[in-house]
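# Architecture at a glance
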Amino acid sequence: MAATPFFLFLCILLISAQTRAQTRTPAGAEAPAPASDSCNGIFLSYTYKTGKIVPPTLKSNPSRQGYRFESTLLVLNNDLEELKSWRVFVGFQHDEYLVSASNVVLADGSSLPSNVGNGSVFAGYPNADLKTGIETAGDLTQMSVQVDLVGTQFGIGAPDVPLPNNISLVNDGWVCPKPSNQGKSVLQVCCTRDLKFKSNVTLDEEFLPRQDGDLTIMYDVIRTYESNYWAQVMIANHNPLGRLDNWQLSWDWMNDEFIFAMKGAYPSVVDTSKCVFGKQGEFYKSLDFSTALNCDRRPTLVDLPLEKTNDTNLGMIPFCCRNGTILPPAMDPSKSISAFQINVFKMPPDLNRSLLSPPQNWGISGRLNPNYKCGPPVRVSPSQFPDPSRLLSDSAAMASWQVVCNITKPKGVSPRCCVSFSAYYNESIIPCPTCACGCPANTDSTCSTKSPALLLPSQALLIPFENRTTLSTAWADLHHFPVPNPLPCGDNCGVSINWHLFTDYRGGWSARITLFNWDEFPFVDWFTAIELDKAAPGFEAVYSFNGSALNGVNNTIFMQGLTGLNYLVAETDSGNPQKDPRVPGKQQSIISFTKKLTPGVDIPGGDGFPTKVFFNGEECSLPKVLPTSNSHTFGSSLWISVILALTVFLAMQQ
């Protein structure tokens, strides 16, 4: 009997199904999207998988409604060369809060969970390199990585899909076009080599070259055993305006490691209870944890004081024990480095002397210093250590990683120092801006965070803000300045700097700089830097400080205390604490300039005032206005001072 059309169609379906079953991808080796086949570079894809609403339910404010999202990021190397230390930017745009991410760390050193709503760069961990198809015979497990992302996004509920606005490869030497959408849930792009980029890495080099940065940290394993190793950590400052005081270094252990011993530094908290009652105590049953130092997943390490330098148990490490001070190289190259050694115990399955993994998510901060963001550790060629006796050959580290940290200005973070302006042609001081260094919460009933600071007489600069009210309001009444109600809040800065335009004449001009320390601690080896956009080339001399034009930084004058006078003392009580206010630490100097190299500068018009001011590396807040010429001359100074003193006296009596 002849086959019916239906029977023939059924046979074709069965044959097709058998063919697909025979060519199906093996379990555990997920095939890339078909679009990757045409990409001869680095293929990236972001796929939104699923999501659901999370409590609380905000029907009245749907833009702030939270939704769980689960997505995957695929990075595939289809290039001819290995991709070392890959980094991918994902342009999150829905105020995402990332809870977990597999096979990666955040490249800015943040620990999860973390806000990533402005986009974030991911770096591969534990496998930072992606091999080629040629050297792996097309093994996708070595050529690619899949990152599973779980987090919360806001405002995008079903049926809409919360895709990022961009995905791109961050590594140098690559260009990525605008990504394309594949349906509603997939974003993908093929990144190719930038033919104009000139790399300093040759194909046969095993490690990436060391990178430049404001601050670099080397993590060198110098001795390794089956269950533990010793590493040397060296922090080096390369920025001419960078600095750290009482540095605090932190990182995340990723494999349950713990700190057993240290030399040259110490944990801020000595606590091994997490080991004793955790899996470390179960494995190391015979280990005396009372002599260990720290079992936190994210420990904080601090430098030792100077007196521990030659301590045989805790010190004896070159560049250690300086109380956490790291100076700019221009001040003292030998003090621009800090180092210590650390004994790290490992946990299964890493009990092998060759299995070495550095900590991740590095962060470093100081007392009144710049903000640093640190990238992930990058494997580099082993560091070389010269023999102290210079008789033997250099020794090499077992393995070395470099962490690069750069100075950043985090959004919403206030400065910690401020500047006031004054001039010979105006008797009023333009004080530091209101809330220049931030304001405490709930100040509405006591002071205004938005009203401009009241102009001041010169005497007020030496008085703490909380004691200036009578003086500042009397000065305002005397000159008919408006007085807001409530009065403006203070600047809340620990350090303030007054820049006073002292003189201006045909051949030159001069300024007076005064530093005030309102904090309870002194500043040793302090420095300040002044940027003058147009007038800096005319710099001649600083008379009470050491000062010079700063090499490598345009139009900047660098100043520090003279030998023996490099100590800006803390705020102290006055001679009569019951009656008089506290007194700030203070240092002052005159700075002279010539106009021969800067013809046409308008000193009173603004060229004589700094455009940037730094104290110990921290950029200070500047006033938004400059002193202007008015009818008050110095001939009336004595008369005004007498009236002001009388006004203040009467107010105090009342």
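The rules we used
Residues numbered from 1 in each chain as written. Predicted model: local features only at pLDDT ≥ 70, side-chain atom pairs only at ≥ 80, totals over all residues. Heavy atoms only, no water. Pairing = 2+ DSSP bridges. Helix = DSSP H or I, 4+ residues; strand = E, 2+ residues; numbered from the N terminus. Axes fitted to C-alpha atoms, helices over the stretch in contact; angles between N-to-C directions. Buried < 20%, exposed > 50% of the residue type's maximum accessible area, 1.4 Å probe, protein only. Polar contact = N/O pair within 3.5 Å; in protein donor to acceptor, adjacent residues only side chain to side chain. Contact = heavy atoms within 4.5 Å. Salt bridge = Lys/Arg side-chain N within 4 Å of Asp/Glu carboxyl O. Disulfide = S-S within 2.5 Å. pLDDT = per-residue confidence, 0-100. Phe/Tyr/Trp six-rings, centres within 6.5 Å; stacked < 30°, edge-to-face > 60°. Lys NZ or Arg CZ within 6 Å of the ring centre and 35° of its normal. Core = buried A, V, L, I, M, F, W, Y, C linked by side-chain atoms within 4.5 Å.

### A short note on the sheet that holds strand 32 (residues 539-542)
A sheet is described by the order of its strands in space; here six strands give the open sequence 27-26-28-29-36-32, paired in mixed fashion. In the strand order of this sheet, the two ends are held by strand 27 (426-430) and strand 32, each with one partner. In this sheet, neighbouring strand axes are inclined to one another by 20 degrees on average, regardless of whether the strands run parallel or antiparallel. Across three bridges, the pairing between strand 32 and strand 36 (residues 585-594) is antiparallel. Bridging across to strand 36, F539 finds its partner in F593.

### Focus on the side chain of S574
With respect to the element layout, S574 can be found in the loop between strand 35 (567-568) and strand 36. Assessed through its relative accessible area of 13%, S574 is described here as buried. A distance of 3.1 Å separates a polar side-chain atom of S574 from the backbone oxygen of D580. Residues contacting S574, with those up to four places away along its chain left out, are D580, P581, R582 and V583.

### Examining the sheet that holds strand 15 (residues 248-252)
Strand pairing in a sheet relies on backbone hydrogen bonds, with the paired strands running either antiparallel or parallel. Across the sheet, four strands lie side by side as 17-18-15-20; this open sheet has antiparallel pairing. In the strand order of this sheet, the two ends are held by strand 17 (265-267) and strand 20 (360-365), each with one partner. Averaged over all neighbouring strand pairs, the angle between strand axes comes to 25 degrees, with direction disregarded. In the sheet, strand 15 pairs with strand 20 via four bridges, with the strands oriented antiparallel. Looking across to strand 20, one finds that L249 is bridged to I364.

### Considering the pattern of salt bridges
A full pass over the atoms with the stated rule returns 17 salt bridges. The partner of K131 in a salt bridge is E82, and the shortest N-O contact between them spans 3.8 Å. With K131 in the loop between strand 7 (120-124) and helix 2 (133-136) and E82 in the loop between strand 2 (66-77) and strand 3 (87-90), this residue pair connects regions lying 49 residues apart in the sequence. Owing to a relative accessible area of 30%, K131 belongs among the partly exposed residues under this scheme.

### Overview of the state of the cysteines
The final tally for this structure, using the stated rule, is 10 disulfides. Put simply, C39 and C190 are joined by a disulfide, and their sulfur atoms are 2.0 Å apart. Handedness here is read from the sign of the S-S torsion; for C39 and C190, about 85 degrees, the answer is right-handed. Taken together, the residues span a long stretch of sequence, with C39 in the loop between helix 1 (5-22) and strand 1 (42-53) and C190 in strand 12 (residues 186-193) at a distance of 151 residues. Judged by relative accessible area, C190 falls into the partly exposed class, the value being 24%. Paired by a disulfide, C418 and C432 hold their sulfur atoms 2.2 Å apart.

### Thoughts on the confidence of the model for the protein
Mean pLDDT over the protein works out to 89, with 89% of the residues at or above the 70 mark. Averaged pLDDT values for the elements of the protein fall to 43 in helix 1 and rise to 98 in strand 18 (residues 300-303). Confidence drops under a pLDDT of 50 for residues 5-29, and excluding neighbours within four residues, the segment shows two contacts in the predicted structure. Counting contacts from residues 631-654, a segment whose pLDDT is below 50, to residues more than four positions away or on other chains yields 28 contacts.

### Things to note about the packing of aromatic side chains
Applying the stated rule across the entire model yields 24 aromatic pairs. With a centroid separation of 6.1 Å and 25 degrees between ring planes, the pair formed by F516 and W518 is classed as stacked. Take F516 and W518: they sit in the same class, and that class is buried. Here F527 and F558 contribute two aromatic rings whose centre-to-centre distance is 4.9 Å and whose plane-to-plane angle is 25 degrees, an arrangement assigned as stacked. Here F527 is found in strand 31 (residues 527-531), whereas its partner F558 is found in strand 34 (residues 556-561), with 31 residues between them in sequence. By relative accessible area, F527 is classed as buried at 0%. With relative accessibility at 4%, the residue F558 sits in the buried group. Among the aromatic residues, those joined into a ring-pair cluster are F258, F260, F283, Y284, F289 and F345. Stacked on the ring of F154, the Lys or Arg R64 has its end atom at 4.3 Å from the ring centre.

### Some points on the pairing of strand 2
Across the 12 residues of strand 2, 10 count as buried, placing the element largely inside the fold. In this sheet, strand 2 lies alongside strand 1 in antiparallel orientation, the contact comprising 11 bridges. Counted as the bridge partner of Y46 is L73 from strand 2. Note that strand 2 and strand 8 (residues 144-154) share 11 bridges and pair antiparallel.

### Digging into the nonpolar core
W499, W509, I513, L532 and F615 are the most contacted members of the largest nonpolar core, which has 36 residues in total. Where this core is concerned, the elements lending two or more residues are strand 26 (417-423), strand 28 (495-504), strand 29 (508-517), strand 32, strand 34, strand 36 and strand 37 (612-615). Those residues in contact with W509 that sit more than four places away from it in its chain are W499, L501, T503, D504, L532, A535, I591, S592, F593, K595, I603 and G608. Formed by 31 residues, the second largest nonpolar core is a distinct cluster that contains V221, L249, I326 and C405.

### Description of helix 6 (residues 469-479)
Among all positions in helix 6, only L471, S472, T473, A474, W475, A476 and H479 are buried. H480, located one to two residues past helix 6, shows a positive phi value of around 60 degrees.

### Focus on the side chain of S589
Position of S589 relative to the elements: it lies in strand 36. A distance of 2.8 Å separates the side chain of S589 from the backbone nitrogen of S544, its partner in a polar contact. Those residues in contact with S589 that lie beyond four places of it in its chain are A511, R512, I513, V542, Y543, S544 and F545.

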